[in-house]
Every structure is written in structure tokens, then in C-alpha cells.
Amino acid sequence: MSKAAYRDHLGRPIVAVTGMGVVTSLGQGLKDNWAALTGGVSGIHAITRFPVDGLNTRISGTVDFIEVPVENPVERSYAYARETTDEALAQAGISGDFGGPLFLAAPPIEPDWRDRFALADRAPASQRPGDAYDRFLSVLREQPSPALHEAWSFGSISERLSDRYGTRGLPVTLSTACASGATAIQLGVEAIRQGRTERALTVGTDGSVTAEALIRFALLSALSTQNDPPTKASKPFSKDRDGFVIAEGAATLVLESLESAIARGAKVLGILKGCGEKADHFHRTRSSPDGGPAIATIRAALEDAGIDESGIGYINAHGTSTPENDKMEYLSMSTVFGDRLAGIAVSSNKSMIGHTLTAAGAVEAVFSIQTMLTGTLPPTINYTNPDPTIQLDVVPNVKRDAQVTAVLSNSFGFGGQNASLVMTAEPA
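Per chain, residues are indexed from 1 in the order of the written sequence. In keeping with the predicted nature of the model, local features appear solely for residues at pLDDT of at least 70, side-chain atom pairs appear and are counted solely at 80 or more, and the whole-chain, interface and lining totals rest on all residues. Hydrogens and water molecules were not included; the side-chain quantities draw on all heavy atoms of the structure.

## Some thoughts on the pattern of salt bridges
Quick reminder of the rule: We define a salt bridge as a contact between a side-chain nitrogen of Lys or Arg and a carboxyl oxygen of Asp or Glu at a distance within 4 Å. When a residue's accessible area, from a 1.4 Å probe over protein chains only, is under 20% of the maximum for its type it is buried; when over 50% it is exposed; and in between it is partly exposed.
Taken as a whole and judged by the stated rule, the model has 18 salt bridges. Linking Glu256 and Arg264 is a salt bridge whose minimum nitrogen-to-oxygen distance equals 2.6 Å. Close ionic contact of Arg400 with Asp393 constitutes a salt bridge, the shortest N to O distance being 2.7 Å. The class of Arg400 is partly exposed, set by a relative accessible area of 30%. Overall, the relative accessible area of 22% leaves Asp393 in the partly exposed class. Shared partners join several salt bridges into a network, and the residues in it are Arg49, Asp64, Glu71, Arg76 and Glu248.

Given below as C-alpha cells:
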């Protein structure tokens, strides 16, 4: 191939995906996940990790089949990321030190309430009552706890991954709400495009389903309360949707310059063609109802990819199943694609795996590339009561065979974090 064949329309290195790994409530590994996802299987189930008596939401897409040494969000998030990275590197044919940067999307870290109470109980009686933070510090000064430090340090997951896989430079940990996984991928793409590296390890992980997280989202009226049966609760774009189902998971993508991938004989799974990201200052949690930031995000991704609206064959929707967000996403897609939207299949993986929060953008990027590789469009399940105000081909309930060569994946998060990715099949 000529040198020009390795450059995009703006003269930047083309970024290829050479390895993928995934864990969700559907199972461990891409093979099992894809079989379940295209089979319309739901991974949503009753919560058994902690008591749910008295809670309005009692279901989740937790990952309960990977052992962790300590039950906290950091250990779970690390374990999921480790498993998906092992899988992705094996598929990419990379062993030994990775030799490129690590970009990790991870959930915000806070001490579990059980740990907080335990620390407070260890404080001397002379400090009770008093400022809780001062009591914590007093106890830890007297009895330092490396385990607690590890569990409460936001950057500890990326540092452990970096040590394990021999990544280069300081690992980057980011948390941009539901857009985090897509943003981590974007950072990897930009690092390669800018010539700073030939490869990048991009990971999105989230093992943060706790009682506190459930209660906080419930107080925002964001979660579905349709607990029985759990498998029917997540119903994106349906008239009777009432909220998202909180879930866990992880995904890893190995990114390389196309030139580097071909030079070492790697199999190219897909191309990261375009990335778009825009901020939304409308509200701390709600998306702007006019869809303006989301519209700008999709358009930015298409422009970055160098393709117009007619080039997209499938959309992996953010599709949370919340009344407001689904409506806003439909408005944004219909504004960008106009009449063409009626001919584009749009489905939501979250109907089966729930919302994996900081991991969602990475998980759905893996499934988007797998859609192109296999010629199979995953369905949107639980679509029995369509919302008449949202006119979409959601691939209802059953998978569909269709060969597409360009996919748009949307991630629109709390706090005005919006990211879209355009992925294409390997160039001829």
C-alpha cells in the first residue's frame, strides 16, 4: 500500500482496531456476549449483592461471575478491565510490554458506607461526635491501611493496569459520566493521529453498582421501577419506558495506526473513522431538550470522519430507556439525518445489558464493530409498545442480517458530556 493509503481525508494516520474484549451481565468474552446479544437475551436480574428491602428498584445488570478479592467498586472495576484487556491483547497478537499509552474510563470512586462506618467506630471516644472527615484521618494516621488507600484512590485502577501490561507514560483515567468509554477511545485516536504513538490501549470499565449508587440514581427518578420480570424493564424507545437499568461491565479496544497494524501482520477488525464531542451546559443531569449539543456532537463525528449522513448504515443508539433521554436522542438523530433516518436501523444494546455507565461507550463500540464484522444487527428487545412520537426502525425484538460498512455510536451523559464515534469496516 502507498503511504497515502494509510492517511485519512485530513492527512492524519488512519486508526485501526486490532483487538477487542468485553464483559457484561450477559457473560465474559466477546463470543458469549455476541451470541446472547444477537439472540435477544437479557442480562438483567434481581440484585443479590446487597439487601434491597424497601428500595423501589431491585434489579440490575451486575457482573457476579468474576471473583474479586475485596467487594468494592475499585476491585470489581479493575477485575473486569483486566479480563477484557487480556482478551483484547490476545486477539491483537500482542504479548509482553504493550509500549503505548493507556486511556481508562472508570467510575468515580468513593468510600463504601460500610468502610466509613467501620472507620468511624475505630475513632477514639474523645473524637465522637465530631467532624467525620477528621475522625477518618485520625484513625488512618494511627493505623494506615494500604487496602483502603487502594480502594479510595481514583487512579489506582489505571496504575495497576499500566503495571500489568507495560503501557508507556502516565496512564490517563477519566470519568465523563455516560460518555466516558467513548471519550477514552477518542483520546486514543487523537494520540495516534497526532503521531505521539503507534498504538493505544483504551478501556472502559464500571463495577460500581452499590446500594448507595442505586439510591442516588433513584432519587433522580432515573431508574426503572418495573422490577418484575427484570428482563422486561429496559425498553428503549417504548411508550411505557420509565428509566434505565443500572449495570456493570467493561470493554477494551486495542488501537493502532493502520500502517503499523498491517506492517506487523495484524488482523484489522475495523476503523475508528471519526470522533465528536460537545459539552452541554443546560443542567447538571438533564440533557438540553432541544437536542442542540447532541446534534452538534453527531455532526462533529461525521465531519471528523469525512462522510455525510448518507454514509451511515446503522446507529448504535445511546438508548437509555429514560423518557427524556430517548426523546432527546430521537430529536437529535432526526435533525441530523432528516428523511434518511427512516431507512437507517437504530437499536439499543442497553435493552439487554442495561446501562454500564462509564463503560457504556467502550462496550457499545465493541458491539458496533462486531455488527460490521458479522453482518448482524442486534435487536432492541422489549419493544412491544412503541412510542408513537419516536419513529425509528429499532430492529424490534429479533436480530436482522444486514451488511453495513459504517456505524454511528452515541453516548450522551450526565453533566453535559456528549460523545459520538463513527466506525467503518476495514478499507480495501
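## So, unusual backbone geometry
Heads up, the rule is: In this description a helix means any DSSP run of H or I spanning at least four residues, a strand means any run of E spanning at least two, and both kinds are numbered starting from the N terminus.
With an omega dihedral of 0°, the bond running from Asp228 to Pro229 counts as a cis peptide bond. One non-glycine residue, Ala177, lies in the positive phi region at around 55°. Along the chain, the position of Ala177 falls in the loop between strand S6 (172–174) and helix H7 (180–193). One non-glycine residue, Val395, lies in the positive phi region at around 50°.

## Focus: the packing of helix H10 (residues 292–305) against helix H11 (residues 323–337)
What counts is decided by this rule: Only the stretch in contact is used when fitting a helix axis, every axis being a line fitted to C-alpha atoms; angles between N-to-C directions are given from 0 to 180 degrees. An angle below 35 degrees is read as roughly parallel, one above 145 as roughly antiparallel, one from 65 to 115 as roughly perpendicular, and any other as oblique. Handedness of a crossing follows from how the near helix is turned relative to the far one, being left-handed for an anticlockwise turn of less than a right angle and right-handed for a clockwise one. The contact criterion used throughout is that any non-hydrogen atoms of two residues lie within 4.5 Å. Classification convention: Asp, Glu, Lys, Arg as charged; Ala, Val, Leu, Ile, Met, Phe, Trp, Tyr, Cys, Pro as nonpolar; all other residues, Gly among them, as polar.
Running from amino to carboxyl end, H10 crosses H11 at an angle of 45°, the nearest separation of the two axes being 8 Å. The orientation of H10 with respect to H11, classified from their angle, is oblique. For the pair H10 and H11, the sense of crossing is right-handed. Listed contacts from H11 to Ala294, Ile295, Ile298, Arg299 and Leu302 of H10 are Met328, Ser332, Met333, Thr335, Val336 and Phe337. Residues belonging to the contact of H10 with H11 are distributed by class as follows: eight nonpolar, two polar and one charged.

## Remarks on helix H13 (residues 360–374)
Keep this limit in mind: Given the number of residues in a helix, its expected span is that number minus one, multiplied by 1.5 Å.
In this model, H13 (15 residues) spans 21 Å end to end at C-alpha, consistent with the 21 Å of a helix rising 1.5 Å per residue. Along H13, 13 of the 15 residues are buried, which leaves the element largely enclosed by surrounding structure. Note on H13: the residue one or two positions beyond its end, Gly375, has a positive phi of about 70°.

## Structural notes on the packing of helix H1 (residues 30–38) against H13
The interhelical angle for the contact between H1 and H13, taken along N-to-C directions, is 75°, at an axis separation of 12 Å. By the angle class used here, H1 and H13 are roughly perpendicular. Within the contact between the two elements, H1 uses Leu30, Asn33, Trp34 and Leu37 and H13 uses Val366, Phe367, Gln370, Thr371 and Thr374. In terms of residue class, the contact of H1 with H13 is made up of five nonpolar, four polar and no charged.

## With respect to the packing of aromatic side chains
To keep things clear, this is the line we draw: Side-chain rings of Phe, Tyr and Trp (the six-membered ring for Trp) are treated as a pair once their centres are within 6.5 Å; stacked means planes under 30 degrees apart, edge-to-face means over 60, and tilted covers the remaining angles.
By the definition in use, this model includes two aromatic pairs. With centroids separated by 6.1 Å and ring planes inclined at 35°, the aromatic side chains of Trp34 and Phe367 adopt a geometry described as tilted. With Trp34 in helix H1 and Phe367 in helix H13, the pair connects residues that are 333 residues apart, well separated along the chain. Seen from their ring centres, Phe217 and Phe244 are 5.3 Å apart, and the 80° between their planes marks the pair as edge-to-face. Taken together, the positions of Phe217 in helix H8 (residues 211–219) and Phe244 in the loop between H8 and strand S8 (249–257) put the pair 27 residues apart, joining distant regions of the chain. Take Phe217 and Phe244: they sit in the same class, and that class is buried.

## A look at the pairing of strand S7 (residues 199–206)
For a regular strand, side-chain orientation follows a simple rule: the groups alternate between the two sheet faces. The line we're drawing: A pair of strands is considered paired only if DSSP assigns at least 2 bridges between the two.
Counted residue by residue, S7 has eight buried out of eight residues, so it is predominantly covered. Neither face of S7 is open: one carries Arg199, Leu201, Val203 and Thr205, the other Ala200, Thr202, Gly204 and Asp206, and all of them are buried. With four bridges joining them, strand S5 (residues 102–105) and S7 adopt parallel strand pairing. Looking at the pairing, Ala105 lines up with Gly204 of S7. Where S7 and S8 come together, eight bridges link them in antiparallel fashion. Bridge assignment links Thr202 to a residue of S8, and that residue is Leu253.

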